[in-house]
Amino acid sequence: MRKALGLLVLIATVATAAGPRKTPKPGYNMYSKEQDIQLGREAAKEVEQQLNVINDRELTDYINRIGKRLVTVGQLEEYPYFFKVVQEDSINAFALPGGPMYVHTGLIKAAENEAQIAGVLAHELSHVVLRHGTNQASKAQLFSIPAAIGGAIAGASVGGGMLGQLAQLGIGLGANSVLLKFSRGAESDADLLGMRTMAKAGYNPLEMARFFEKLESQSGNMNKLAVAFMASHPNPGDRVKAIEKETQYLPKAQYMAQEGNLQKMQGIIGGLPKLPPKKPVQQQQAGQGGPPQVEFSRNSKVYQGQGYTISYPDDWQTFPDKNGPGVTITGRNGVAQLQNGQAAVLYGVITGYQAAQNGQVDLRRDLDTLIKNVIQGNAGMQVSGQPQSIMIDGRNGAVVQLTSPSAAGGKEIDVLAAADVGSGLFYAVMVSPESEYQKMEPLFKEIVRTLRLQPKQ
Ligand code: ZN
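Read on for an overview of the structure. Note that the structure is predicted; figures quoted are calculated from it, not measured. (Residues numbered from 1 in each chain as written. Predicted model: local features only at pLDDT ≥ 70, side-chain atom pairs only at ≥ 80, totals over all residues. Heavy atoms only, no water.)

### Quick look at the coordination of the zinc ion
Formally: Coordination partners: N, O, S within 2.8 Å of the metal, 3.2 Å for Na, K and Ca; water not considered, so apparent gaps in a site are possible. The secondary structure listing takes helices from DSSP runs of H or I that are at least 4 residues long and strands from runs of E that are at least 2 residues long, numbered from the N terminus. Each residue is assigned to one of three classes by its accessible area relative to the maximum for its type, calculated with a 1.4 Å probe on protein chains only: buried under 20%, partly exposed between the two thresholds, exposed over 50%.
The coordination sphere of the zinc ion contains the protein donors His123 (NE2), His127 (NE2), Glu187 (OE), Glu187 (OE) and His233 (ND1), at a distance range of 1.8 to 2.4 Å. Donor residues for the zinc ion sit on one chain with the sequence pattern H-x3-H-x59-E-x45-H. Linking Glu187 in helix H10 (residues 184–200) with His233 in the loop between helix H12 (224–232) and helix H13 (239–247), this pair joins segments that are 46 residues apart in sequence. Pair check on accessibility: Glu187 and His233 agree, each one buried.

What follows is the structure, encoded as structure tokens:
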């Protein structure tokens, strides 16, 4: 009797282990889905400054048809996906958070059939749906630092830590970007969701396994072109076997999907003029090369903060403070990486809120405290002008000019504007290299003029 029971238990265990894997779900994430989309958009801009996007209509349409088929017939969750082909010989493709997707010409050339391309796209799309990029970023605790920047200006250190991390997201899109380098667990999940998606969409999932196998054997042979994919998508172990094993649990199906003629597309790629490689976007290094040339568009965008709205040039990026109402807004080259891994804002705006000392604003006293806090957080900073009274959106406020050494070398001007919002001061610190201040001053004035403040509830 006892023996029989033991046997039953054993069988049950084996049966579970041998069954299909559970469909993976997105893991821990500190970002919202909207932030995935926003981040992906910003990163896509960077990517397209660094890689040559192919404009051939027929080729792009073909890849888009495959992608669309996977998304709709394969029933993937809704994201604003798009698919672009980039002129790169390495066999690779990558997806950014929230949907932008880039396929290398080298991958299309290396594929033996359409299903192999679909396999890679399905794998990449799965990274998007499972939000692996921001999951990695969350695990790296990217958002643990803004507490220092936001809540108190004390930390607002015009060179706070968050931007360094975010700069690595927005600017550092190289091979080591946390957004594009996945864990083995994430790889195994993307394989699984990917192969199921391609099967639903009418592609033979075994072709995914075959293509990975081919890449792996070639990268073993030091084929540099095949190494790229394996480097950013590490083999979770027995990758091909794991995919093959899962195919046995799929419903029997004829895989007939065909969106175009792959050989023709490979011919198009063969005939493309070779574009010179674009220059990778230079990351500003602290203390090197001097202050950046400020960049700002004449068109503005509005950032809706908690209790305020602020207008800013529409080519700047916003980095909201996770733990407070503040935001840091800066241009593409507006951040310097510091030696200690932190970052400094070279130009841009940082907003925040400072509560009044005893719940009742005394503009003079609270402004003094605010200035002291700002100076404390920024080595070498000093007041360089008398505070002037101004009205900001109909409220009593003041503006004061400070100067400090810039992390990029030379001096920087920091204009602090603050307004009484009832329970405390709303403030904006506007940063500019001294050498660029003439250019920036009208912009700063416009930012202050168009600030809109709502009383704290
Ligand atoms: Zn992957």
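### Description of helix H14 (residues 262–270)
Keep this limit in mind: In this description, the arc belongs to the directions extending from the helix axis to the C-beta atoms. Polar contact criterion, stated in full: a pair of N or O atoms within 3.5 Å, where within protein one must be able to donate a hydrogen and the other to accept it, and residues adjacent in sequence count only if both atoms are side-chain atoms.
Buried within H14 we find Leu262, Met265, Gln266, Ile268 and Ile269. What you see down the axis of H14 is that its buried residues fit within an arc of 155°, all on one side. Turned more than 90 degrees away from the buried face of H14, the exposed residues are Gln263 and Gly270. Looking at where H14 begins, the residue whose side-chain oxygen comes 3.0 Å from the main-chain nitrogen of Gln263 is Asn261.

### Describing the packing of aromatic side chains
For clarity, the cut-off: Stacked, tilted and edge-to-face are the three classes applied to pairs of Phe, Tyr and Trp rings, where Trp contributes its six-membered ring and a pair requires centres within 6.5 Å; stacked means planes under 30 degrees apart, edge-to-face means over 60, and tilted covers the rest. Lysine and arginine charges are scored as sitting over a ring when NZ or CZ, respectively, is within 6 Å of the ring centre and within 35 degrees of the ring normal.
Counted according to the given criterion, the structure contains seven aromatic pairs. Ring centres of Phe94 and Tyr102 lie 5.3 Å apart, and the angle between their planes is 25°; on these two criteria the pair is classed as stacked. Judged on exposure class, the residue Phe94 and its partner Tyr102 are both buried. Taking 6.4 Å as the distance between ring centres and 45° as the angle between the ring planes, the aromatic pair formed by Tyr303 and Tyr308 counts as tilted. Here the aromatic cluster, defined as three or more aromatic residues joined through ring pairs, consists of Phe82, Phe94 and Tyr102. Just above the ring of Phe82 sits the side chain of Lys84; from NZ or CZ to the centre is 4.9 Å. The residue whose ring lies beneath Arg239 is Phe212, and the NZ or CZ to ring-centre distance is 4.4 Å.

### Regarding the environment of Gly331
Short version of the rule: Whether two residues are in contact is decided by their heavy atoms, any of which lying within 4.5 Å being enough.
Looking at the secondary structure, you find Gly331 in the loop between strand S7 (327–330) and strand S8 (335–337). Look at Gly331 and you get buried, because its relative accessible area is 6%. As for Gly331 and Tyr347, which are separated by 16 residues in sequence, their C-alpha atoms are 7.4 Å apart. Leaving out residues up to four positions away in the same chain, Gly331 has contacts with Trp316 and Tyr347.

### Examining the nonpolar core
We apply this condition: Residues belong to one nonpolar core when they are buried, are Ala, Val, Leu, Ile, Met, Phe, Trp, Tyr or Cys, and are joined through side-chain atoms within 4.5 Å.
If you look at the biggest cluster of nonpolar residues, it comprises 54 residues, and the most contacted ones within it are Ile63, Leu70, Tyr81, Ile108, Ile117 and Tyr203. No other element matches the nine residues that helix H5 (residues 114–129) contributes to this core. Every residue in contact with Ile63, bar those within four places of it in the chain, is listed here: Phe83, Val85, Val103, Ile108, Ile117 and Leu121. Among the nonpolar cores identified, the runner-up in size contains 29 residues, and Phe296, Trp316, Val421 and Met430 belong to it.

### Focus on the environment of Arg395
Within the secondary structure, Arg395 is located in strand S13 (residues 395–405). Separated by 24 residues in sequence, Arg395 and Ala419 place their C-alpha atoms 6.3 Å apart.

### Topic: the environment of Ala118
Mapped onto the fold, Ala118 is located in helix H5. Separated by 48 residues in the primary sequence, Ala118 and Leu70 place their C-alpha atoms 7.6 Å from one another. Contacts of Ala118, omitting those with residues within four sequence positions, involve Ile66, Leu70, Met198 and Tyr203.

### Regarding the sheet that holds strand S3 (residues 100–104)
What counts, and what does not: Any two strands between which DSSP finds at least two bridges are classified as paired. Axis angles are defined between N-to-C directions and span 0 to 180 degrees, where every axis is a line fitted to C-alpha atoms and, for a helix, only to the segment in contact.
Taken together, three strands build an open sheet; the order of strands is S1-S3-S2 and the sheet is mixed. Bordering the open sheet on either side are strand S1 (82–86) and strand S2 (93–95), each of which pairs with just one other strand. The mean angle between the axes of side-by-side strands here comes to 15°, regardless of whether they run parallel or antiparallel. Relative to S3, S2 is paired through three bridges, and the arrangement is antiparallel. Its bridge partner lying in S3, Ala95 is registered against Met101. On top of the sheet, helix H2 (residues 33–50) reaches S1, S2 and S3; it is set at about 30° to S3, its chief contact.

### Re the pattern of salt bridges
Where we set the bar: The salt bridge definition used is simple: a Lys or Arg side-chain nitrogen within 4 Å of an Asp or Glu carboxyl oxygen.
Under the defined criterion, the tally for this structure stands at 19 salt bridges. With its nearest N and O atoms 2.5 Å apart, the salt bridge here joins Glu58 to Lys264. Here Glu58 is found in helix H3 (residues 57–72), whereas its partner Lys264 is found in helix H14, with 206 residues between them in sequence. Residue classification places Lys264 among the partly exposed positions, given a relative accessible area of 45%. One salt bridge in this structure joins Arg69 and Glu259, with 3.0 Å as the shortest N-O distance. Note that Arg69 is positioned in helix H3 and Glu259 in the loop between H13 and H14, a separation of 190 residues in sequence. What you see here is one network of salt bridges that share partners, running through Arg65, Arg69 and Glu259.

### Remarks on the sheet that holds strand S4 (residues 300–305)
Strand order in this open sheet of three strands is S4-S5-S16, and the pairing throughout is antiparallel. Edge positions in the sheet fall to S4 and strand S16 (452–453), since each of these pairs with one other strand and no more. Looking at chain direction, strand S5 (residues 308–313) and S16 are connected through two bridges and run antiparallel. What sits directly across from Thr309, in S16, is Arg452.

### Let's talk about the packing of H5 against H10
Any two packed helices are characterised by the angle at which their axes cross and by the distance between the axes. Using the following cut-off: Each angle gets one of four labels, with under 35 degrees taken as roughly parallel, over 145 as roughly antiparallel, 65 to 115 as roughly perpendicular, and the rest as oblique. Crossing handedness follows the turn of the near helix against the far one: under a right angle anticlockwise gives a left-handed crossing, and clockwise gives a right-handed one. Gly falls in the polar group here, along with every residue not listed as nonpolar (Ala, Val, Leu, Ile, Met, Phe, Trp, Tyr, Cys, Pro) or charged (Asp, Glu, Lys, Arg).
In the contact formed by H5 and H10, the axes pass within 7 Å of each other and the chain directions differ by 125°. Comparing the axis directions of H5 and H10 gives the class oblique. Relative to H10, H5 is oriented so that their crossing is right-handed. Contacts between H5 and H10 involve Ala115, Ala118, Gly119, Ala122, His123, Ser126, His127 and Val129 on the former and, on the latter, Ala186, Glu187, Ala190, Asp191, Leu193, Gly194 and Met198. Broken down by class, the residue content of the contact of H5 with H10 amounts to eight nonpolar, five polar and two charged.

Remember, this is a structural readout, not a statement about activity or role.
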